[in-house]
Amino acid sequence: MAKNRDWQERGVRIGSRIFDETESAALVREVRKRVKDPDVIAEIEDFLDGKRKTLSARSRDVLYVVAVSVVMMSRK
């Protein structure tokens, strides 16, 4: 067990990288641009509005692939 239990990351972790608020907002903008399937978009909007509790496997896969491609393209 870690000695310091009072640590906290600042941002969102995707893989081994931590995104700050600006980078997270840019990632969301890119995902919105790249997801073209209207069924996936509708499902994600319902999920974010609280109408759905989970996403389908297909929607999760689409989001995962798009997010990974954006993260890989933005590596410095």
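A quick note: this is a predicted structure, and the numbers were derived from the prediction, not measured.

(A) Structural detail: the environment of Val-66. For Val-66, the position within the fold is in helix α3 (residues 57-74). Taking C-alpha positions, Val-66 is 9.6 Å from Leu-27, a pair spaced 39 residues apart along the chain. Each residue touching Val-66, except ones within four places of it in the same chain, is listed here: Val-31, Arg-34 and Val-35.

(B) Highlighting helix α2 (residues 38-49). In this model α2 runs 16 Å from its N-terminal to its C-terminal C-alpha over twelve residues, within 8% of the 16 Å that 1.5 Å per residue would give. All of the buried residues in α2 are Val-40, Glu-43 and Ile-44. The arc enclosing the buried residues of α2, seen along the axis, measures out at 100°, which places them on a common side. When the buried face of α2 is taken as reference, the exposed residues oriented beyond 90 degrees from it are Pro-38 and Asp-49. Of the residues that open α2, the one with a side-chain oxygen 2.9 Å from the backbone nitrogen of Asp-39 is Asp-37. Gly-50 lies just past α2 and shows a positive phi near 90°.

(C) Structural detail: the side chain of Glu-43. Looking at the element boundaries, Glu-43 is found in helix α2. We classify Glu-43 as buried; its relative accessible area is 12%.

(D) Inspection of the pattern of salt bridges at higher detail. With the rule as written, the count across this model stands at four salt bridges. With a shortest N-O distance of 3.2 Å, Glu-30 and Arg-34 are connected by a salt bridge. Of this pair, Glu-30 and Arg-34 are both found in helix α1 (residues 21-34), four residues apart, which corresponds to roughly one turn of the helix. When its relative accessible area of 24% is taken as the criterion, Glu-30 is described as partly exposed. Put simply, Glu-30, Lys-33 and Arg-34 are held in one network by salt bridges that share partners.

Reading the values: the criteria
Residues numbered from 1 in each chain as written. Predicted model: local features only at pLDDT ≥ 70, side-chain atom pairs only at ≥ 80, totals over all residues. Heavy atoms only, no water. Helix = DSSP H or I, 4+ residues; strand = E, 2+ residues; numbered from the N terminus. Contact = heavy atoms within 4.5 Å. Expected span 1.5 Å × (residues − 1). Buried < 20%, exposed > 50% of the residue type's maximum accessible area, 1.4 Å probe, protein only. Arc of directions from axis to C-beta. Polar contact = N/O pair within 3.5 Å; in protein donor to acceptor, adjacent residues only side chain to side chain. Salt bridge = Lys/Arg side-chain N within 4 Å of Asp/Glu carboxyl O.

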